Amino acid sequence: MTLDESQQIEDLLVIWYRYERAYMPHLGAPRVSPSCRSHDSGDVHQDAEDRDDDLERMKAQIIAKCIDELHYMHRAAIGVHMRNKTAGVSVHRNPRIEDQHTAYQAAKADLFPRLKKCELIKCEYA
């Protein structure tokens with residue numbers, strides 16, 4: 001894995017982490033009247049920003065499936081690293097992972113072929 005491919009994985013993990021952090025479970029009453037629940041307005045009023053958001057959401061869902069296939073320690077290492085990255089300092093850690101950086105690099109190496117298979121990584125030599 002080259003440095004450029006490693007950076008691409010980092011960028012994809014940021015997209016995935018933002019998507020996962022934005023998840024809010026449905027609580028309370030529905031937002032739509034039962035009589036209008038099946039109405040679909042389509043993409044009539046969609047602008048470029050909405051299409052970009054849809055693209056990022058679809059990418060994040062694919063990345064989430066790839067991450068779900070990893071060993072649980074690799075998933076934990078990715079989660080801890082992304083929390084530290086968004087915090088800006090290394091304050092989060094997992095007591096079961098002795099060397100956080102090595103575990104994260106191993107997780108990225110394990111994630112690389114999965115993302116490449118899904119065509120989310122652009123390889124220099126291909």
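Refer to the structure presented above.
Residues numbered from 1 in each chain as written. Predicted model: local features only at pLDDT ≥ 70, side-chain atom pairs only at ≥ 80, totals over all residues. Heavy atoms only, no water.

Draft legend 1. Highlighting the overall build of the protein chain. Helix and strand counts for the protein chain stand at four helices and zero strands. The secondary structure elements of the protein chain, listed N-terminal to C-terminal, are α-α-α-α. Projected onto its principal axes, the C-alpha positions of the protein chain cover 55 × 40 × 25 Å. Within the protein chain, buried positions represent 29% of all 126 residues. A separation threshold of at least 6 residues defines the contact pool for the protein chain, and within that pool the share at least 24 residues apart is 73%. Total accessible area computed for the protein chain in this model is approximately 9300 Å², and 52% of it derives from carbon and sulfur atoms. Within the protein chain, the 21 negative side-chain charges are centred at a point lying 6 Å from the centre of the 18 positive side-chain charges. (Helix = DSSP H or I, 4+ residues; strand = E, 2+ residues; numbered from the N terminus. Buried < 20%, exposed > 50% of the residue type's maximum accessible area, 1.4 Å probe, protein only. Contact = heavy atoms within 4.5 Å. Areas by Shrake-Rupley, 256 points an atom, 1.4 Å probe, with all protein chains shown as cover. Lys, Arg positive; Asp, Glu negative; His and termini not counted. Charge placed at Lys NZ, Arg CZ, Asp CG, Glu CD.)

Draft legend 2. The packing of aromatic side chains, seen in detail. Following the criterion strictly, the structure yields one aromatic pair and no others. When the centroid spacing of 6.3 Å and the interplanar angle of 50 degrees are considered together, the rings of tryptophan 16 and tyrosine 17 count as tilted. Of the residues examined, tyrosine 17 reaches a relative accessible area of 9% and is grouped as buried. (Phe/Tyr/Trp six-rings, centres within 6.5 Å; stacked < 30°, edge-to-face > 60°.)

Draft legend 3. Structural view of helix α4 (residues 100-117). Its 18 residues place the ends of α4 26 Å apart at the C-alpha level, agreeing with the 26 Å of an ideal helix rising 1.5 Å per residue. Bending of α4 peaks at approximately 30 degrees at the position of leucine 111, with proline proline 113 no more than four residues after it. Looking only at α4, the buried set comprises Gln100, Ala103, Tyr104, Ala107, Lys108, Leu111, Phe112 and Leu115. Directly beyond the C-terminal end of α4, a positive phi value near 60 degrees is found at glutamate 119. (Expected span 1.5 Å × (residues − 1). Bend = angle between axes of the 7 residues up to and from the residue.)

Draft legend 4. A look at the packing of helix α1 (residues 3-21) against helix α3 (residues 72-87). Between α1 and α3, the shortest axis-to-axis distance is 11 Å and the interhelical angle comes to 85 degrees. When the axis of α1 is compared with that of α3, the two are roughly perpendicular. Between α1 and α3, the contacting residues are Glu10, Leu13, Val14, Trp16 and Tyr17 on the first element and Ile78, His81, Met82, Arg83, Lys85 and Thr86 on the second. When the residues that make up the contact of α1 with α3 are grouped by side-chain class, the tally is six nonpolar, two polar and three charged. (Axes fitted to C-alpha atoms, helices over the stretch in contact; angles between N-to-C directions. Parallel < 35°, antiparallel > 145°, perpendicular 65-115°, else oblique. Nonpolar A, V, L, I, M, F, W, Y, C, P; charged D, E, K, R; others polar.)

Draft legend 5. Quick look at the pattern of salt bridges. All told, the structure shown has five salt bridges when counted by the stated rule. One salt bridge in this structure joins glutamate 10 and lysine 85, with 2.8 Å as the shortest N-O distance. Of this pair, glutamate 10 sits in helix α1 while lysine 85 sits in helix α3, and the two are 75 residues apart along the sequence. One salt bridge in this structure joins aspartate 54 and arginine 57, with 3.8 Å as the shortest N-O distance. One end of the pair, aspartate 54, and the other, arginine 57, are both in helix α2 (residues 48-68), three residues apart, so they sit about a helical turn from each other. Its relative accessible area of 25% is what places aspartate 54 among the partly exposed residues. On the accessibility criterion, arginine 57 (35% relative accessible area) is partly exposed. Shared partners join several salt bridges into a network, and the residues in it are Glu10, Lys85 and Lys108. (Salt bridge = Lys/Arg side-chain N within 4 Å of Asp/Glu carboxyl O.)

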